[in-house]
Amino acid sequence: MATLKDVAARRPIAATIRLTVPAGGARPAPPVGPALGQYRLNLMAFCKDFNARTQKYKPDTPMAVTITAYKDNTFEFIVKSPTVAWFLKKAAGVESGSGRPGHVVASSITVRHVYEIAKIKQADPSCKHLSVEAICKSIMGTARSMGIQIVKDL
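Owing to the predicted nature of the structure, the values given are computational and were not obtained by experimental measurement. By convention here, each chain's residues receive numbers from 1 onward along its written sequence. Under the rules for a predicted model, residues below a pLDDT of 70 receive no local features and side-chain atom pairs below 80 are neither given nor counted, while totals for whole chains, interfaces and linings still include all residues. Hydrogens and water molecules were not included; the side-chain quantities draw on all heavy atoms of the structure.

A.B. asks: Break down the environment of Glu76 for me, citing the residues and quoting the values.
C.D. replies: Only DSSP runs of H or I with at least four residues qualify as helices, and only runs of E with at least two residues qualify as strands; both kinds are numbered from the N terminus onward. Tracing the chain through its elements places Glu76 in strand 3 (residues 75-80). Measuring from C-alpha to C-alpha, the distance between Glu76 and Phe46 comes to 8.9 Å, with 30 residues separating the pair along the chain. Within the local environment of Glu76, its side chain forms a polar contact with the side chain of Tyr70, the two groups lying 3.1 Å apart. Whenever two N or O atoms come within 3.5 Å, that pair is a polar contact, provided that in protein one can donate a hydrogen and the other can accept it, and provided that, for residues adjacent in sequence, both atoms are side-chain atoms.

This is how it looks when you write it as structure tokens:
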């Protein structure tokens, strides 16, 4: 149960904004500018912070970001790693998955690729509580639904 002090200390939230922005590529242009501008948030502060946090990734890596905008025109944001589908497409070297998964194999990857993707995804806030094995099983299911075959060795 929250105490009265905790409730009074909370700031009222104006909105929660979800965007996909390329790593190191946040600019006050669309899609970032209009999304943050309508809540009167400081665009340049977001762009500088986001680019600083994502400079360890290759440019143009799609990063999911969740921005919490408060009524007093301040914000906080959480940067998540790229999607599993993006990692799988990069590992398999394909532009898109199979049009008929289960029937047509788009490409194949090794179990080692799956394990490496799982290690990266384990750092995500939504996957911290999951074991590497559980994350690997989820990645294998995503690969199967994309028509990517998983083999022991290539």
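Now, onward.
A.B. asks: Give a description of the nonpolar core that names residues and reports values.
C.D. replies: To define a nonpolar core, start from buried Ala, Val, Leu, Ile, Met, Phe, Trp, Tyr and Cys residues and group those joined through side-chain atoms within 4.5 Å. Exposure is judged per residue with a 1.4 Å probe applied to protein chains only, and the accessible area is read against the type maximum: over 50% gives exposed, under 20% gives buried, and values in between give partly exposed. Ile17, Leu19, Phe46, Phe50, Val65 and Ile67 are the most contacted members of the largest nonpolar core, which has 19 residues in total. Sorting the residues of this core by element identifies strand 1 (13-22), helix 2 (32-37), helix 3 (43-53), strand 2 (62-70) and strand 3 as the ones contributing at least two each.

A.B. asks: So what's going on with the side chain of Ser98? Which residues, and what values?
C.D. replies: Summarising the element assignment, Ser98 is placed in the loop between helix 4 (84-92) and strand 4 (107-110). Within the structure, Ser98 has its side chain in polar contact with the backbone nitrogen of Arg100 (distance 3.1 Å). Excluding anything up to four places from it in sequence, Ser98 contacts Val104, Ala106, Met146 and Gly147. In what follows, residue pairs with any heavy atoms lying within 4.5 Å of each other are defined as contacts.

A.B. asks: Now, about the packing of helix 4 against helix 5 (residues 111-121): what can you tell me, with residues and values included?
C.D. replies: Where helix 4 meets helix 5, the closest approach of the two axes is 11 Å, and the angle between their N-to-C directions is 145 degrees. For helix 4 against helix 5, the interelement crossing comes out right-handed. Of the residues in helix 5, those in contact with Val84, Phe87, Leu88 and Ala91 of helix 4 are His113, Ile117, Ile120 and Lys121. Class assignment for the residues of the contact of helix 4 with helix 5 results in six nonpolar, one polar and one charged. Only the stretch in contact is used when a helix axis is fitted, and all axes are lines through C-alpha atoms; the angle between N-to-C directions ranges over 0 to 180 degrees. The hand of a helix crossing depends on one turn: near helix anticlockwise from the far one by less than a right angle means left-handed, and clockwise means right-handed. Residue polarity follows a fixed list, in which Ala, Val, Leu, Ile, Met, Phe, Trp, Tyr, Cys and Pro are nonpolar, Asp, Glu, Lys and Arg are charged, and the others, Gly among them, are polar.

A.B. asks: Explain the sheet that holds strand 1 to me, and be specific about the residues and the numbers.
C.D. replies: Two strands are counted as paired when DSSP detects at least two bridges linking them. Strand order in this open sheet of three strands is 1-2-3, and the pairing throughout is antiparallel. Because the sheet does not close on itself, it has two edges, and the strands there are strand 1 and strand 3. Strand after strand, the sheet turns through a mean of 20 degrees between neighbouring axes, direction not considered. In this structure, strand 1 lies alongside strand 2, joined through nine bridges in antiparallel fashion. In the strand pairing of strand 2, Thr16 is matched with Thr68.

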